[in-house]
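Fold and contact review
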Amino acid sequence: MKIIEPSAELAQELDAAEIMRHLERAGRVCYKSESRISDTSAEKFLANIIKSGHESVIEHVSLTFKIICDRGVSHEIVRHRLASYCVTGDTVIPSYSKIYRNSGKKRTIETIYNWSKNPQCHVAFQQLVVRSFDEETHTVVPNKIRRVFYSGIQEVFELKTASGRIIKCTGGHRFFTDAGWKKLDELTAGNEIYVNGSPLLENEDWLRHNYLTLNKTRKQLAQEIGCCEALVYRAFKKFGIVKPLSDRPNRRPGRGVKGMFSAEQLNNLSERMSGEFNPAYKKNRAELTISGGYCEAHRKIGAFRDKIVSINYVGREKVYDLEMDEPYHNYVANGVIVHNSQMSTRYCDYSGDKFGGELSFIRPCFWQEGEENFELWRQAMAQAEKFYLELRKNGARPEEARSVLPNSLATELFMTANLREWRHFLKLRTSPRAHPQMRQIALQIYEILRENLPLIFSDIVI
């Protein structure tokens, strides 16, 4: 067992002079005073900006910190979602249909955000079920949204894939790859990311061959792909695949007109549509609803690797982010699988070599070594580590064994925010009334920012 101190460090190089010049250029556009820019004008201009409270000007620069803290503090940081990695407001968040798992309504993240802020839409927001990604099974699963956050106006990039999927997001937003989660800044054209769907639905040649040449029905294709017929129909519509009327078989088996089928054919139809093969089949009528029966008839669409075609800077836009329910820290956006920025205990195997076979806990700042409470805390952490490692030896998966881990477990996360949000964060979290462990992190961040950008942060009273 390790007991470590919490820490915060700047995760990027900081050129204070260039930041000041950049903010002045952005601010003077608002006041139409670009002609007054000089080698020494930035400091006086920004001082007046801060004094007047026109802090939207300083949103044009963002800084990233690497933070090591306990999981109690990390969940407090999540509330400051202006510090998150975000997608643009027109990003579509598809719902996970209760009846047809692969279909569902498509709403933009901005619409969902407005729902969350409108009391009249409170019930609709609470009932909304969207898509998350299970990294072990590579399937899309239903999940609930905890919160939606508006993250201001930030610089965004447009990512395009070979299958035609497009998403706009900030440079720090993470995507799932074969090498794990990667930030957009770490990806280039030619890299592969995971997207929601089936590769066969994107394969025009395969669809044409099976539908037109082999004369298969939409239902047969849907069963082979593992989706509902509606998605096959959409793929046909996308690629303009139309079967001649004379070649279309009866895709909805039925009794037809009298004499249309032989007795043997009628028997085969009955067998094929009975029991679990019937879309309305219910395993247990006392427990399973009708909609649940329909769900059993549709297999889930998973995900496949899609090659990145291009990544281009597209300017500054309003951006938003979601906080999802445990245990899935991701959601499907514009058909692409994206993630929140925090280390997950679900897939971290603390019994492995990467962590030295031991767990790290953050030292509580409110007790000193030698005090009775500190010793009680140390014993509790040692017991948690012991039981976690024993569960792993007994075959429990990391996502199962983590249930015994406490808030004091150390976690790492990257937090990115524009300067205005950093000011807001520090005013709240450096206050003597703030939680002691959160204040401990905030004070470290404050000292770094005050030293490097005193004009913007030195007026904050701690």
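Because the structure is a prediction, the values reported are computed rather than measured.

Once that is clear, we can look at the overall build of the chain. Within the chain, the secondary structure is distributed over 15 helices and 17 strands. When burial is assessed residue by residue, the chain has 45% of its 462 residues classed as buried. For the chain, contacts bridging at least 24 residues in sequence account for 70% of all contacts bridging at least 6. Summing over all exposed atoms, the chain offers an accessible surface of approximately 23,900 Å²; the carbon and sulfur share of this is 49%.

The next thing to look at is the nonpolar core. Among the nonpolar cores identified, the biggest contains 35 residues, and Ile-67, Leu-419, Trp-422, Leu-426, Ile-445 and Phe-457 are the most heavily contacted of them. Sorting the residues of this core by element identifies α1 (16-31), α2 (41-52), β3 (62-70), α3 (71-77), β17 (410-418), α13 (419-429), α14 (436-452) and α15 (454-457) as the ones contributing at least two each. When residues no more than four places from it in sequence are discounted, the contact partners of Phe-457 are Leu-419, Trp-422, Arg-423, Leu-426, Tyr-446, Leu-449 and Arg-450. Counting 29 residues, the second largest nonpolar core, distinct from the first, contains Trp-115, Leu-187, Leu-322 and Met-324.

The contact between α13 and α14 brings their axes to 9 Å, and the two run at 135 degrees. By the angle between their directions, the pair α13 and α14 is classed as oblique. The two elements α13 and α14 meet at a crossing, and its hand is left-handed. Judged by residue contacts, Trp-422, Phe-425, Leu-426 and Arg-429 of α13 engage Met-438, Arg-439, Ala-442, Ile-445, Tyr-446 and Leu-449 from α14. Its residues placed into classes, the contact of α13 with α14 shows 8 nonpolar, no polar and 2 charged.

What follows is about the packing of aromatic side chains. In the structure shown here, the tally under the stated rule is 10 aromatic pairs. With centroids separated by 5.5 Å and ring planes inclined at 65 degrees, the aromatic side chains of Phe-157 and Tyr-313 adopt a geometry described as edge-to-face. Here Phe-157 is found in strand β8 (residues 139-161), whereas its partner Tyr-313 is found in strand β13 (residues 303-324), with 156 residues between them in sequence. For Phe-157, a relative accessible area of 23% translates into the label partly exposed. Between Phe-374 and Trp-377, the ring centres sit 5.5 Å apart and the planes meet at 40 degrees, which makes this aromatic pair tilted. A residue pair is termed a helical-turn pair when its members lie 3 or 4 positions apart in one helix, as Phe-374 and Trp-377 do in helix α11 (residues 372-393) at 3 residues. Among the aromatic side chains, those forming a connected cluster through ring pairs are Phe-65, Trp-422 and Phe-425.

Definitions and limits used
- Residues numbered from 1 in each chain as written.
- Predicted model: local features only at pLDDT ≥ 70, side-chain atom pairs only at ≥ 80, totals over all residues.
- Heavy atoms only, no water.
- Helix = DSSP H or I, 4+ residues; strand = E, 2+ residues; numbered from the N terminus.
- Buried < 20%, exposed > 50% of the residue type's maximum accessible area, 1.4 Å probe, protein only.
- Contact = heavy atoms within 4.5 Å.
- Areas by Shrake-Rupley, 256 points an atom, 1.4 Å probe, with all protein chains shown as cover.
- Core = buried A, V, L, I, M, F, W, Y, C linked by side-chain atoms within 4.5 Å.
- Axes fitted to C-alpha atoms, helices over the stretch in contact; angles between N-to-C directions.
- Parallel < 35°, antiparallel > 145°, perpendicular 65-115°, else oblique.
- Left-handed = near helix turned anticlockwise from the far one by under 90°.
- Nonpolar A, V, L, I, M, F, W, Y, C, P; charged D, E, K, R; others polar.
- Phe/Tyr/Trp six-rings, centres within 6.5 Å; stacked < 30°, edge-to-face > 60°.

So, to be careful, I would describe these as geometric facts and stop short of saying anything about function.
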